[in-house]
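Report on the structure
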Amino acid sequence: MRHTISVLLENEAGALSRVAGLFSARGYNIESLTVAPTEDPSLSRMTIVTHGSDNVIEQITKQLNKLVDVVKLLDLTEGAHIERELLLIKVNVNQVAVCDDLKRMTDIFRGRVIDVSDSCYTIELTGTGDKLDAFIKAVNPKLIVETVRSGVSGIARGNRTLRT
């Protein structure tokens, strides 16, 4: 089962390495990893997406809690939560018809064209992973020059929070 784990940890050199090392040492895969400082500059928030049985996820959370850098963690999958990713995609636009189709599709997916050159459009799209996958599949693969995805960022809904 897919799990999204949000971790509040000390914003120090090596903290990310220790978390990644925990996963690799035990043979667990990280599907997505996003980390950035929080409103408190001494803390970072890390969002990890991984797959595993309930026992494996329980083991991962126990091991994460043992790390000195980890302040608190929350398995977002255990309750209502919101997940988003960012996609930047560069697409060849060598014909007017292609330009019009891409603009229309970008509007349908609620994206934005953020850069235009003679031969390429760069499109920004945010949403769930499924939405981004659907957009990529809808674009002719021959037109795609490059794609970049941020990885999952997630937050619990309602009163559930990850704060110290």
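Above this text is the structure in question.
A few points on the structure. Fair warning: this is a prediction, and the values are worked out from it, not measured in the lab. (Residues numbered from 1 in each chain as written. Predicted model: local features only at pLDDT ≥ 70, side-chain atom pairs only at ≥ 80, totals over all residues. Heavy atoms only, no water.)

Some points on the pattern of salt bridges
Where charged atoms from two side chains of opposite charge come close, those side chains can pair. This is how the line gets drawn: Counted as salt bridges are all cases of a side-chain nitrogen of Lys or Arg within 4 Å of a carboxyl oxygen of Asp or Glu. The helix count covers DSSP runs of H or I at least four residues long, the strand count covers runs of E at least two residues long, and both are numbered beginning at the N terminus. Accessible area is worked out with a 1.4 Å probe on protein chains only. A residue is then buried under 20% of its type maximum, exposed over 50%, and partly exposed in between.
Scanning all chains against the criterion turns up 10 salt bridges. Between Glu-85 and Arg-149 there is a salt bridge whose closest N-O contact spans 3.2 Å. One end of the pair, Glu-85, is in strand β5 (residues 81–92); the other, Arg-149, is in strand β8 (residues 144–149), and 64 residues separate them in sequence. Judged by its relative accessible area of 12%, Glu-85 falls in the buried class. Between Arg-112 and Glu-124 there is a salt bridge whose closest N-O contact spans 2.8 Å.

Some remarks on the nonpolar core
So the rule is basically this: By nonpolar core we mean a set of buried residues, namely Ala, Val, Leu, Ile, Met, Phe, Trp, Tyr and Cys, connected to one another through side-chain atoms within 4.5 Å. What makes two residues a contact is simply this: any of their non-hydrogen atoms within 4.5 Å.
One finds Val-91, Leu-102, Ile-123 and Phe-135 to be the most contacted residues of the largest nonpolar core, which totals 16 residues. Of all elements in the fold, only β5, α3 (96–108), β7 (120–127) and α4 (129–138) reach the threshold of two or more residues within this core. At four residues, α3 tops the list of elements feeding residues into this core. Dropping the residues within four chain positions of it, Ile-123 is found in contact with Leu-87, Leu-88, Ile-89, Val-91, Leu-102, Thr-106, Arg-112, Val-113 and Phe-135. Counting residues in each nonpolar core, the second largest holds 15 residues, with Leu-22, Phe-23, Leu-64 and Leu-73 among its members.

Topic: the pairing of strand β1 (residues 2–10)
Filter applied, for reference: The pairing criterion is simple: DSSP has to find at least two bridges between the two strands.
Among the nine residues of β1, seven are classified as buried, and the element is accordingly described as predominantly covered. Taken together, the nine bridges between β1 and strand β3 (residues 43–51) define a ladder with antiparallel strand orientation. Bridging across to β3, His-3 finds its partner in Thr-50.

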